[in-house]
Amino acid sequence: MPTQYDEVVREIGVQQGLFTREQAASAMAKLQELAARGQTFPLSVVLEKLTIITETDRLALENASRYRVHRDDDKEVARIIKESNYAPDHAVDLALSAQKDHYRQSGETIRLV
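**Considering the overall build of the chain**
Assigned secondary structure in the chain consists of 5 helices and 0 strands. When the elements of the chain are put in sequence order from the N terminus, they spell out α-α-α-α-α. Relative to the 2.2 N^0.38 estimate, which gives 13 Å for 113 residues, the radius of gyration of the chain is 17 Å and therefore markedly larger than a compact globule would have. The principal-axis extents of the C-alpha atoms in the chain amount to approximately 50 × 30 × 20 Å. The buried share of the chain, taken over its 113 residues, is 29%. Here the analysis covers contacts within the chain between residues at least 6 apart in sequence; of these, 52% occur between residues at least 24 apart. Accessible area for the chain stands at about 7100 Å²; split by element, carbon and sulfur atoms hold 52% of it. Positive and negative charge centroids in the chain, built from 15 and 18 side chains respectively, lie 2 Å apart.

**Some points on the nonpolar core**
Among the nonpolar cores identified, the biggest contains 20 residues, and F19, L43, L47, I53 and L61 are the most heavily contacted of them. Within the residue set of this core, elements represented by two or more residues are helix 1 (4-15), helix 2 (21-36), helix 3 (43-49) and helix 4 (55-83). The biggest single contributor to this core is helix 2, with 5 residues. Apart from residues lying up to four places away in sequence, I53 is in contact with L18, F19, S44, L47, E48, R58 and L61.

**A look at helix 2**
The terminal C-alpha atoms of helix 2, which comprises 16 residues, lie 22 Å apart, in line with the 22 Å expected from a rise of 1.5 Å per residue. Among the residues of helix 2, A24, A27, M28, L31 and L34 are the ones counted as buried. Summarising the axial view, the buried residues of helix 2 lie within an arc of 120°, below the 170-degree limit, and thus occupy one face. Projecting away from the buried face of helix 2 at angles above 90 degrees are the exposed residues E22 and A36. Each element contacted by the buried residues of helix 2 is listed here: helix 1 and helix 3.

**Notes on the environment of A95**
Looking at the element boundaries, A95 is found in helix 5 (residues 89-106). The sequence separation of A95 and R111 amounts to 16 residues, and the corresponding C-alpha distance is 9.7 Å.

**A few points about unusual backbone geometry**
For residues that are not glycine, phi is negative in most cases, and the peptide bond is trans in most cases. Here the phi dihedral of T51 falls at roughly 55°; this positive angle occurs in a residue that is not glycine. By the secondary structure assignment, T51 is in the loop between helix 3 and helix 4. In this model, N85 sits at a positive phi of 60°, which is unusual for a non-glycine residue.

Quick notes on the rules
- Residues numbered from 1 in each chain as written.
- Predicted model: local features only at pLDDT ≥ 70, side-chain atom pairs only at ≥ 80, totals over all residues.
- Heavy atoms only, no water.
- Helix = DSSP H or I, 4+ residues; strand = E, 2+ residues; numbered from the N terminus.
- Rg over C-alpha atoms; globule rule 2.2 N^0.38 Å.
- Buried < 20%, exposed > 50% of the residue type's maximum accessible area, 1.4 Å probe, protein only.
- Contact = heavy atoms within 4.5 Å.
- Areas by Shrake-Rupley, 256 points an atom, 1.4 Å probe, with all protein chains shown as cover.
- Lys, Arg positive; Asp, Glu negative; His and termini not counted.
- Charge placed at Lys NZ, Arg CZ, Asp CG, Glu CD.
- Core = buried A, V, L, I, M, F, W, Y, C linked by side-chain atoms within 4.5 Å.
- Expected span 1.5 Å × (residues − 1).
- Arc of directions from axis to C-beta.

The following block contains the structure:
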C-alpha cells in the first residue's frame, strides 16, 4: 500500500514534470507487487530502479516530499497550538515563517516540534 509520503512523491513528481501520471501508476503497481512479496520500498526508489528518474532527481524529490509532509504536519500542530492558546499566534506564525525560510536557504527540513 502506498504511504502518505508516496502520494506526495507522486504528486510533486508529476507537478515538476519528472514523470507522467502513467509512469507513476506503473511504479505504484510495481510497489504493490513488491509489497505482496514482503519487500517494501519508497515510491521514489522504485521510480529510480525502473529508470524513470535519476538518482539526483530521486534525492531532490525525496527532500521536497519530506519537507511537504513535515510542513503539513507542523501546520496542523501550529493550528492546535493557536486554538489552545499554548503560545501567542504571532510566535507560532514566526516559527512557521522561520521554518520555511530555513528550507529555502539550506534545503534542510527542520521541525517545529
